[in-house]
Amino acid sequence: MKVIGLGVLLALVVVNLLLAPAAAALDCRGATPLPSDLALTAPAPDVPADVARFAGAWSGAWTDARGDEAQCHALIVEEVFANGYARVIYSVAASPTIGSGSPRAFRATGRIADGLLRFRLPEFDRPALVYRLDMDQLAATFNGAGHAKLSRATDVAALDCSRAHPAPIAPPAGVRDRLTAAELQAPAGPATDPIHNDYFMPVGAAAPPKHALRGTLTVPPFSASFTSLGCAARPRRIPGFSVGFFTHGDHLVPAVRDLVPGTTLILSPGRVWSEPGDGGLSRASFAFVIGNEINNGTHNGLATFVFDDTRVSALAVQIVQETAPWAKLDYAARLPMTYAPGAPADEPALRAEFTTEFARQTPMRPWPTLGASDALAGFDGDTRPADISANGLVMDGVLYVRGCHTRYGPFPYCREMRHGVFSVTKSLGAAVALLRLAQKYGDAVFDEKLVDHLPAGAAHAGWDGVTFADALGMATAIGDEKPERQPNAPFADENAPKMMRLLVKRTAKEKLEIALSYGKYPWNRGEVLRYNSAHTFVLATAMDAYLKRREGGGAHLWDMVRNEVFRPIGVLHAPAMHTLEPDGSRGVPLLAYGLYPTVDDVAKLATLLQNGGRHDGVQLLHTAKLAETLYRVSPTVGLPDGSRNRFGEARYHLSFWSVPYRTATGCFFQIPYMSGFGGNIVALLPNGISVFRFADAYNFDVDSMILAGESLRPFCAPPATAAAPAPPRVALTAAELASDFVGHVYVFGPQRIEYAPGGRLWGSLAEEVDVGTWEITPDARVCRSWNMWDGRRRRCYAILRTDDGWEVDVPGRFTRAVLRRAPAAAP
């Protein structure tokens, strides 16, 4: 799996744990989340006693630096095997002092040997857990440090904090029975359970609003008590806001559309209306986003209130969707809010801008208007719908949205929903900025040396000669981790501890010091792909300095992008993360991550790129350089990323990944796509259609979206003379699979896989192991499912015999993997 974007985001499980004796006992009943399909299996008779002793449920707590029990922890050893493999569930509760603040549960696979159970969590940095039996308890360490003591739990259900999670409330049935005017006018109260999102929109016989709102709405800072499937998360302090709003027809418009100063909050337009049961009041709702000062994670929310000309009710808010896989959190509450009538500053200009923005919206049509086909139905491949925030495609200037999804119904403000897209920012931010500079000042800007635009003496000699293009293409030859060309480890630096240190720094000076501290690899720039978000930040700093040198100290890189690229195409609001400077001055745009686009923004930007950087007859981006960036000049630009499919080698160039693809008519393309942490994808197809999916499923499957786009319009014209068809390739029959394929050990690169008799699957990769199951289907497919790897997805393969092994083919996908027979001993 390709993990693209940020590396070690935030110490997402347990951090700052030190070896220390426990000092205080926590009551961990009902504190840890457990999966609903948990199933304990008693050890089989052939399981050795020293392995079998680990089986069962265990509960205890991690201790903090003082030695106090600070975080409840459950370990469920669901099943152990004679070879020492073990299927486990690792679960931690929210803690006020350690960890990420969110309750989390992971399925993992470990191995028991020499009296120790070892496994790694399926996270970015693969944190290592070790457990040993200590009398009748388990003693645990986390990444070689930390300390926990667990005792056997006889009542597994009693450990689960999600048992009391309420069933989702159905959408309203024509009569408002939630968020009534009386409820909204009652004093603000504690957090409540979320409800269906449709309650934040008109219910029943709605009519135009009876009042206009022009003034400042103020919500004081508050503590938000989030939950995850009913399990309490660490409360978060939210700074609140004081922002001007005005009604414009049946719209409610906030005066501030960027990040609200001093917060990570972004407000978006909403609606105003009235309902018969509101006692003569008017009603409003709007969308908002709560972000994060350190990473690009977002939590989308809805807010509603009732009002008249002089007063407003409490503000009901709800957050039930995110692009933040480490914090899938819900929140609902009524917050105190005050209203100060009075025209917002620059109201005429704001109204005119909103009128323009509304008129320039990309036309949006329902997904079913595209027609029905297997390719369109399979648009998202095996990405779980619950993990998708928004998905769709752009064709001929029209936006077709498959859905804007949440856990409590569709998001009603789909067009206003903002998405933290992580490293998609490298393409829509950094690449667009450099292409604009090239259009203004010539394409020689790609060859500008970074050191010529960085503080004197800040970079060591290894940076000499590294260009803007090298940094955008991740070809700097700068880095610390795994200094071997082969096998290449493209993400060695991205997923290393230094990246964590860079992420948490806030000022440009601090970030730049870390970004420039990486060493020099033993190869030259332009030779090996080593993905590192720090290099994009160095580039952003250098581009900002280059612009100031050209246009004066008052110039700012992100202002240039917004005013000279985004606004002309109709993207009037483009909030982005910047460094946070102690004197309150403008920071540097991060550009490695930090954009919060809407589906409408993405439609307009993708269309600009598809059109060669030209809009309304004006060339905004450098034509030739953009064509090169999108693999339209040559399919072999950039550097190989180490992955292949049946059509060839994937590459990375100037912030764009590519997937090789050959059509049925023989046309070959390197299809460019943008990719961000968690599974945010935007691909630019050769037929002018752009496809996108914003999700946090850790699934980077582009194939299914490409095939869906191709089903709507061919990628190329069929040749005048059809080439002779290739001889058919014959897959193994079910009988051949049973006799020749299963029951053996195979190697795929560093991975070893045994299709053991009885449908058991054993796997090992470096220090990790996994266990799974396989079966042969009547249509001669080998279907497998791992306990941990590949997101526990079930995949079915056709198997073909080749000269050098067995080719594993995923029908309807581009995957090609060759398994080679290994010695028959289990891994």
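No experiment lies behind these values; they were computed from the predicted model shown.

Some thoughts on the overall build of the chain
Regarding its fold elements, the chain presents 14 helices and 40 strands. C-alpha atoms of the chain, sized along the principal axes, occupy 80 × 70 × 60 Å. Buried residues in the chain amount to 57% of all 827 residues. Here the contacts in the chain between residues at least 6 apart in sequence split such that 64% fall between residues at least 24 apart. Summed over its atoms, the accessible surface of the chain is roughly 31500 Å², and 55% of this surface lies on carbon and sulfur atoms. Each charge sign in the chain was given a centre, from 81 positive and 82 negative side chains, and these centres are 1 Å apart.

Notes on helix 11 (residues 599-610)
Given a rise of 1.5 Å per residue, 12 residues ought to cover 16 Å, and the 16 Å separating the end C-alpha atoms of helix 11 matches this to within 8%. The element helix 11 is largely enclosed, with a buried count of 11 among its 12 residues. All of the buried residues along helix 11 are V599, D600, D601, V602, A603, K604, L605, A606, L608, L609 and Q610. Positive backbone phi, approximately 75°, marks G612, located one or two places after helix 11.

Regarding empty space enclosed by the protein
Across all of its chains, the model carries 4 cavities of 30 Å³ or more by this definition. Here the largest cavity is characterised by a volume of approximately 140 Å³. Around the largest cavity, the lining is made up of 16 residues, and of these F222, F241, L265, F288 and L335 lie nearest the centre. When contributions to the lining of the largest cavity are tallied by element, the ones reaching two or more residues are strand 16 (265-273), strand 17 (282-290), strand 19 (315-323) and strand 20 (331-335). When grouped by side-chain class, the residues that make up the lining of the largest cavity number 15 nonpolar, 1 polar and no charged.

Notes on the side chain of E357
Along the chain, E357 turns up in helix 3 (residues 347-359). Filtering out sequence-adjacent residues up to four positions away, E357 remains in contact with R257, L572 and H573.

Some details on helix 13 (residues 703-712)
Of all 10 residues making up helix 13, 7 are buried, and the element is well covered by its neighbours. Regarding helix 13, the residues found buried are D703, S704, M705, I706, A708, G709 and E710. Residues of helix 13 that are buried in the fold lie against helix 4 (374-377), strand 29 (656-662), strand 30 (668-676), strand 31 (680-684) and strand 32 (690-695).

Here's the deal with the sheet that holds strand 28 (residues 648-653)
Read across the sheet, 9 strands follow the order 22-24-23-32-31-30-29-28-27 without closing on themselves; strand pairing throughout is mixed. The open sheet has two edge strands with one neighbour each: strand 22 (364-366) and strand 27 (639-645). Ignoring which end each strand starts from, the neighbouring axes of this sheet average 25° apart. One ladder, built from 4 bridges, connects strand 30 with strand 31; its direction is antiparallel. Along strand 31, the bridge assignment pairs Y673 with A683. Contacting strand 28, strand 29, strand 30 and strand 31, helix 5 (residues 424-441) runs over the sheet at an angle of about 100° to strand 30. Strands in contact with helix 13 are strand 23 (388-395), strand 29, strand 30, strand 31 and strand 32; relative to strand 29, the strand with the most contacts, it is inclined by about 60°.

Regarding the packing of helix 5 against helix 10 (residues 557-566)
The contact between helix 5 and helix 10 brings their axes to 10 Å, and the two run at 75°. By the angle class used here, helix 5 and helix 10 are roughly perpendicular. The segment helix 5 lies against helix 10, with L428, G429, V432, A433, R436, L437 and K440 engaging L557, W558, M560, V561, E564, V565 and F566. Broken down by class, the residue content of the contact of helix 5 with helix 10 amounts to 10 nonpolar, 1 polar and 3 charged.

Focus: unusual backbone geometry
Residue P487 is bonded to the preceding Q486 through a cis peptide linkage, with omega at -10°. Looking at where P487 falls in the secondary structure, it is placed in the loop between helix 6 (468-472) and helix 7 (497-504). At D396, a position not held by glycine, the phi torsion is positive, near 55°. Structurally, D396 can be placed in the loop between strand 23 and strand 24 (398-404).

Notes on the pattern of salt bridges
Tallied over the entire structure, the rule returns 53 salt bridges. For R283, the salt bridge is made with D278, and the minimal N-O distance between the two is 3.0 Å. Among the residues examined, D278 registers a relative accessible area of 4% and is labelled buried. Notably, a salt bridge pairs D480 with K498, separated by 2.7 Å at the nearest N-O pair.

With respect to the state of the cysteines
In the structure shown here, the tally under the stated rule is 5 disulfides. Between the sulfur of C28 and that of C72 lies a disulfide, 2.0 Å long from S to S. Since a negative S-S torsion denotes a left-handed disulfide, the C28-C72 link at about -85° is left-handed. Here the residue C28 occupies a position in the segment before helix 1 (49-52), and C72 occupies one in strand 2 (residues 69-80), the gap between them amounting to 44 residues. The same class applies to C28 and to C72, which are both buried.

A few points about the pairing of strand 20
Across the 5 residues of strand 20, 5 count as buried, placing the element largely inside the fold. Both strand 19 and strand 20 contribute to a ladder of 5 bridges, which runs antiparallel. Opposite Q318, over in strand 20, you have A332 as the bridge partner.

A word on the environment of V818
Tracing the backbone shows V818 in strand 40 (residues 816-822). Spatially, the C-alpha atoms of V818 and P239 are 54 Å apart, while their sequence positions differ by 579 residues.

Concerning the packing of aromatic side chains
Tallied over the entire structure, the rule returns 38 aromatic pairs. Ring geometry for Y90 against F106: centres 6.3 Å apart, planes inclined by 45°, an arrangement best described as tilted. Of this pair, Y90 sits in strand 3 (residues 85-92) while F106 sits in strand 4 (residues 104-113); the two residues are 16 residues apart in sequence, bridging distant segments of the chain. Judged by its relative accessible area of 0%, Y90 falls in the buried class. On the basis of relative accessible area, F106 is assigned to the buried category, the value being 6%. Relative to Y131, the ring of F119 has its centre 5.7 Å away and its plane inclined at 10°; by these criteria the two rings are stacked. Placement of the pair is F119 in strand 5 (residues 116-120) and Y131 in strand 6 (residues 128-134), with a sequence separation of 12 residues. Both residues of the pair, F119 and Y131, belong to the buried class. The ring of Y518 is capped by K498, whose NZ or CZ atom sits 4.6 Å from the centre of that ring. Above the plane of the ring of F446 lies K625, whose end atom (NZ or CZ) is 4.7 Å from the centre.

Cut-offs and rules
- Residues numbered from 1 in each chain as written.
- Predicted model: local features only at pLDDT ≥ 70, side-chain atom pairs only at ≥ 80, totals over all residues.
- Heavy atoms only, no water.
- Helix = DSSP H or I, 4+ residues; strand = E, 2+ residues; numbered from the N terminus.
- Buried < 20%, exposed > 50% of the residue type's maximum accessible area, 1.4 Å probe, protein only.
- Contact = heavy atoms within 4.5 Å.
- Areas by Shrake-Rupley, 256 points an atom, 1.4 Å probe, with all protein chains shown as cover.
- Lys, Arg positive; Asp, Glu negative; His and termini not counted.
- Charge placed at Lys NZ, Arg CZ, Asp CG, Glu CD.
- Expected span 1.5 Å × (residues − 1).
- 1 Å grid on protein atoms, 1.4 Å probe; cavity = no way out; pocket = protein on both sides within 12 Å on 5 of 7 lines; lining within 4 Å.
- Points joined across faces, edges and corners; volume = space filled by probe spheres on them.
- Nonpolar A, V, L, I, M, F, W, Y, C, P; charged D, E, K, R; others polar.
- Pairing = 2+ DSSP bridges.
- Axes fitted to C-alpha atoms, helices over the stretch in contact; angles between N-to-C directions.
- Parallel < 35°, antiparallel > 145°, perpendicular 65-115°, else oblique.
- Salt bridge = Lys/Arg side-chain N within 4 Å of Asp/Glu carboxyl O.
- Disulfide = S-S within 2.5 Å.
- Phe/Tyr/Trp six-rings, centres within 6.5 Å; stacked < 30°, edge-to-face > 60°.
- Lys NZ or Arg CZ within 6 Å of the ring centre and 35° of its normal.

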